[in-house]
Structures are given as C-alpha cells and as structure tokens.
Amino acid sequence: MPRIVREADLVWEGTVARGSGVVAAATSKAFELPISLASRVGDPEGKTSPEELLAAAHATCFVTSLGSELARAGTPPERLEVRCTITMDEVEGLGHRIVSSAITARGLAPGADATSFAHAAEAADAGCPFSSLIKASATVTIDANLEEGDV
Amino acid sequence: MADRTANVTWIGALLDGGGTIESVGSDAFGPLEVTWASRAEEPDGRTSPEELIAAAHAACFSMALSHELAQAGSPPERLETAATVTFVPGTGITKVALSVRGSVPGMNEAAFVEKAEGAKEGCPVSMALTGVAEITVDAALA
C-alpha cells in the first residue's frame, strides 16, 4: 500500500496566554479555524482545540474501522453513529496530559445481533490506527450498541 | 479538566459509503464529509483522521513552543508551523514531521531550535502519540 500523507498549517501570534492562532487543513482545504489557550482549557466559545480535533480524528477513524468489520462479518451497516470524547487533565508531576478517549457507537446493521456487533466494535478498536496509538498513554473505552428496527 | 467531543455518522459500506463529522462540542466546525477514497487517495476537498491529527499536533506544538519561548523571556511575535502525518494502511501512522518558522525578538537560532525540541517532547498531543515511530521537528528563525 502506498504511503498517505496529510498536512495541516498553523500560524500563531503572540504569547500562549494572550495570543491566538489559526489552524488550517493544508491538504484538503476543508477547514480553517481559530484557536486559543483560553478556549482550549476553559469554555470553548466557538473555537476548536487540539483535543477536539483529536476527538474528530478518533471518531472518524473508528467509524470506518467499525463499518469495515461489520462488512467483513457479512452484516454491512446501513448507518453508524459514533461520538468520541477526549479528556485532557492535569496529571501530578507531568502537567497536562490526554488521559482518555471515550467512544460511544450506535449502529443499524441488518443481520447483526448484539453479540456480533460488540465483537465488530472490539475488532474495530484493535484495527483503528488511532486507537492503537493512544492506548500507549491514555485509556480508550468503547460503548457499542446495536439499534433495533428501521432507519 | 477539559472534555472535547465530536460526533460522526457513517452510511453504507467502507468503499462506496461515506461519513460526516456532524458536529463538535465547540460548534467550531461541521458538518465535514469524509470518505475512504478521500482518506487514502486524492482528498478532493475532504478532510481525514490523519489531517485532523496533523491539525491537532500543529496547534498543540505551537502553543507549547509559545509557552516555552515566553518562559525564556522571548515571547514570539509569530510562529508558522506545519505538521505532516504519514499513514501506511495496514501498518498505521508511521511519522509526524513538524516544521516551524518563528519571529522571536531577542532569541538566536540555536536557542530557538532547543525550545522547539522541548515543545515537541512535552506537548500533550506529542505525549498522546508516543506510539508513533518517528516525530521530527525542523525549526528555524524566520
């Protein structure tokens, strides 16, 4: 498989406490967003942060893995909904650290049952490159539930 | 403690289906479309997990570096950072390359390079990505 390369650009002006930055998707041009320290650690006030971008990355990575695992099991999903919450906390002696990523997944996958859906979610966690990476330093939890009935 | 949340939906199979980053807790962005083809091949205007990780790392590193420079008595006027994430399907994320150019009154290049190395080691996103085999930083004064 070829290497896939993705790039982002950031411009920061001033000190961390009073300055601010703009982060942009350099490869796709899909977004260009203001950031600041105050909105990172306090009230977001409409601004994104590194942790929110990681939450979006992990949710997206996990949802593609889960869809792929369900298809492999012969029960491709009609619809999946994934929420990811990344928590940064102050760890004594270490400063701010990303301590956990919590994934909640709900899906409609005809032919799957609660057990096979749970197995697919476990396999998706094992197969998602981002899950594997952050387990070295943070806790990853997966709460997966199959939806019953029609879309 | 800061919690940050994102919501994503996916409809259909991996290769011919597609997903949407519907919303994030801050409301700063979304909906943003994602597909496997735009992740693995041409982006076609769509973001991907790897690009979002690049954005997170560039932002985290820049804040950490700004902090280190201010601590050293030379707050930056301006930092321009690029983060490039390399993903090999089947293997994972193999590299993050950071590159920074700084306008920092009162600081020489050697000291700036040292601060950039420190920010690379210590920023929370770097710490979360300790599983990446190679994280590099190329730093110079503008």
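Definitions and cut-offs
- Residues numbered from 1 in each chain as written.
- Chains lettered and ligands numbered in written order.
- Predicted model: local features only at pLDDT ≥ 70, side-chain atom pairs only at ≥ 80, totals over all residues.
- Helix = DSSP H or I, 4+ residues; strand = E, 2+ residues; numbered from the N terminus.
- Buried ≥ 20, exposed ≤ 12 C-beta atoms within 10 Å, placed from the backbone.
- Contact = placed C-beta atoms within 7 Å.
- Pairing = 2+ DSSP bridges.
- Axes fitted to C-alpha atoms, helices over the stretch in contact; angles between N-to-C directions.
- Domains from an automatic or database assignment.
- Nonpolar A, V, L, I, M, F, W, Y, C, P; charged D, E, K, R; others polar.
- Core = buried A, V, L, I, M, F, W, Y, C linked by C-beta atoms within 7 Å.

**A few points about the overall build of chain B**
Stage number 1. Along the backbone of chain B there are four helices and six strands.
Stage number 2. For chain B, the sequential pattern of α-helices and β-strands runs β-β-β-α-α-β-β-α-α-β.
Stage number 3. The principal-axis extents of the C-alpha atoms in chain B amount to approximately 55 × 30 × 25 Å.
Stage number 4. In chain B, buried positions account for 51% of the 142 residues.
Stage number 5. Within chain B, contacts between residues separated by at least 24 positions form 46% of all contacts whose residues are at least 6 apart in sequence.

**Some points on the sheet that holds strand S3 (residues 32–34) of chain B**
Stage number 1. Pairing in this open sheet of six strands is mixed, and the strands run S6(A)-S5(A)-S4(A)-S1(B)-S2(B)-S3(B) from one edge to the other. Each having just a single partner strand, strand S6 (139–146) of chain A together with S3 of chain B make up the two edges of the open sheet. If you compare each strand with its neighbour and ignore which way they point, the axes differ by 20° on average.
Stage number 2. Across the sheet, helix H2 (residues 50–72) of chain A is in contact with strand S4 (79–91) and strand S5 (95–108) of chain A together with strand S1 (2–11), strand S2 (18–24) and S3 of chain B; its angle to S4 of chain A comes to roughly 145°.
Stage number 3. Sheet contacts for helix H3 (residues 114–127) of chain A: S5 and S6 of chain A; angle to S6 of chain A, the most-contacted strand, approximately 150°.

**With respect to the domain arrangement of chain B**
Size of an interface: often given as the accessible area lost when the parts come together.
Stage number 1. For chain B, the assigned domains read domain 1 (6–40) and domain 2 (49–141).
Stage number 2. For domain 1 of chain B versus domain 2 of chain B, the separation of C-alpha centres amounts to 27 Å.

**Regarding the interface of chain B and chain A**
Stage number 1. Taken together, the contact pairs 72 residues of chain B with 76 residues of chain A.
Stage number 2. Those elements giving two or more residues to the side of chain B that touches chain A turn out to be S1, S2, S3, helix H1 (36–40), helix H2 (49–71), strand S4 (78–88), strand S5 (92–103) and helix H4 (124–128) of chain B.
Stage number 3. Considering every element that reaches the side of chain B that touches chain A, the biggest residue donor is H2 of chain B, with 16 residues.
Stage number 4. Looking at the side of chain B that touches chain A residue by residue, the class counts come to 43 nonpolar, 20 polar and nine charged.
Stage number 5. In this structure, S4 of chain A lies alongside S1 of chain B, joined through 10 bridges in antiparallel fashion. Bridging from a neighbouring strand, Glu-81 of chain A pairs with Thr-9 of chain B of S1 of chain B.

**Points about the nonpolar core**
Inside soluble globular proteins, nonpolar side chains tend to come together where they are buried.
Stage number 1. Ranked by internal contacts, the top residues of the largest apolar core, which has 83 residues, are Phe-62 of chain A together with Ala-55 and Ala-56 of chain B.
Stage number 2. With 13 residues, the top contributor of residues to this core is H2 of chain B.
Stage number 3. Excluding its chain neighbours within four sequence positions, the residues that come into contact with Phe-62 of chain A are Val-82, Cys-84, Ile-103, Ala-124, Cys-128 and Ser-131 of chain A.

**Description of the sheet that holds S5 of chain B**
Stage number 1. One open sheet accounts for six strands, arranged S3(A)-S2(A)-S1(A)-S4(B)-S5(B)-S6(B); its pairing is mixed. The two strands at the open ends of the sheet, each matched to only one other strand, are strand S3 (32–35) of chain A together with strand S6 (134–141) of chain B. For this sheet, the mean inter-axis angle between neighbouring strands, taken without regard to orientation, is 15°.
Stage number 2. One ladder, built from 11 bridges, connects S4 of chain B with S5 of chain B; its direction is antiparallel. For Leu-79 of chain B, the partnering residue across the bridge sits in S5 of chain B and is Gly-102 of chain B.
Stage number 3. Seen against the sheet, helix H3 (residues 109–122) of chain B touches S5 and S6 of chain B and runs at an angle of roughly 150° to S6 of chain B.

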